[in-house]
Amino acid sequence: GPKVLQIPSHQIIDMGQMVTLNCDPVSNHLYFYWYKQILGQQMEFLVNFYNGKVMEKSKLFKDQFSVERPDGSYFTLKIQPTALEDSAVYFCASSPDRGQDTQYFGPGTRLLVL
Amino acid sequence: QQKVQQSPESLTVSEGAMASLNCTFSDGTSNNFRWYRQHSAKGLEVLVSIFSDGEKEEGRFTAHLNRANLHVSLHIREPQPSDSAVYLCAVRSNYNVLYFGSGTKLTVEP
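A quick note: this is a predicted structure, and the numbers were derived from the prediction, not measured.

J.: Before we move on, can you summarise the overall build of chain B with the specific residues and values?
T.: Each helix and strand counted, chain B has 0 helices and 11 strands in total. Order of helices (α) and strands (β) in chain B, N terminus to C terminus: β-β-β-β-β-β-β-β-β-β-β. The C-alpha atoms of chain B give 13 Å as radius of gyration, which agrees with the globular expectation for 110 residues (13 Å, within 12%). Across its three principal directions, the C-alpha atoms of chain B cover 40 × 30 × 20 Å. Looking at the 110 residues of chain B, the share that counts as buried comes to 45%. The long-range fraction of contacts in chain B, counting pairs at least 24 apart against all pairs at least 6 apart in sequence, stands at 53%. Counting only carbon and sulfur atoms, one obtains 46% of the accessible surface of chain B, whose full area is about 5100 Å².

Pasting the structure below:
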């Protein structure tokens, strides 16, 4: 089936540094999403993105977070500066459109903030 | 905000025996309910997506939705050891945001 790729698979950084998580969505998909899963907890919605804009975001999407997809390349989640509580697995997803479409998920990026 | 809860937390079944997983949600106005499977170090694999009350079958996976009871279940027919994974229930909001349960860890023993 359609595949979403995420780079890197693991990232370890020091608190206060900037980190960029990259997502290569399914080609011709138009909607993109980030979800966060802290170890042992539920996966939670962060943000979705369409046509160059954030459409919805949750309260987890702090001011230190930003997303973009410059020139149709990777869909990125940037955290600047990082905090200890940002340690989690971040999952990217994409869907063809917003309506009833299934979201296809990547394997996740495991972020550890020290 | 939609609250999604799954039970049991973990389930062990023998190969070939039916496996049944449960999911309850707090807001019945959603129009889409999904079951995903999560193998470690892999992305989520969608199993069944159901829109209306009743049953939806996809291969060996059957979802049963009862919106009045705020309940959706997943039944796995003839499970194999390769079906061992974490199964996630997800409820879609009007804005295509998915609210996930905490998962059921299924182990299928040979």
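Past the structure itself, the notes keep going.
J.: I'd like to hear about unusual backbone geometry, residue by residue, with values.
T.: Geometrically, the link from A:Gln80 to A:Pro81 is a cis peptide bond, its omega value of -5° lying close to zero. Mapped onto the elements of the fold, A:Pro81 is located in the loop between strand S8 (75-79) and strand S9 (88-95). The omega torsion of the bond from B:Ser7 to B:Pro8 falls at -10°, within 30 degrees of zero and hence cis. Here A:Asn51, not a glycine, exhibits a phi torsion of approximately 55°, which is positive. Tracing the sequence through the fold places A:Asn51 in the loop between strand S5 (43-50) and strand S6 (53-57). Relative accessible area serves as the criterion here: at 60%, A:Asn51 is assigned to the exposed category.

J.: Which residues make up a nonpolar patch on the surface, and what values do they have?
T.: All names here are of chain A. A contiguous nonpolar patch, built from Ile 12, Leu 112 and Leu 114 and spanning about 300 Å² of accessible area, is present on the exposed surface. The residue Leu 112 is located in strand S11 (residues 109-113) in this model. What makes Leu 112 partly exposed here is its relative accessible area of 38%.

Conventions and cut-offs
Residues numbered from 1 in each chain as written. Chains lettered and ligands numbered in written order. Predicted model: local features only at pLDDT ≥ 70, side-chain atom pairs only at ≥ 80, totals over all residues. Heavy atoms only, no water. Helix = DSSP H or I, 4+ residues; strand = E, 2+ residues; numbered from the N terminus. Rg over C-alpha atoms; globule rule 2.2 N^0.38 Å. Buried < 20%, exposed > 50% of the residue type's maximum accessible area, 1.4 Å probe, protein only. Contact = heavy atoms within 4.5 Å. Areas by Shrake-Rupley, 256 points an atom, 1.4 Å probe, with all protein chains shown as cover. Patch = residues over 30% accessible without salt bridge, like charges linked within 9 Å, V, L, I, M, F, W, Y side chains within 5 Å. Salt bridge = Lys/Arg side-chain N within 4 Å of Asp/Glu carboxyl O.

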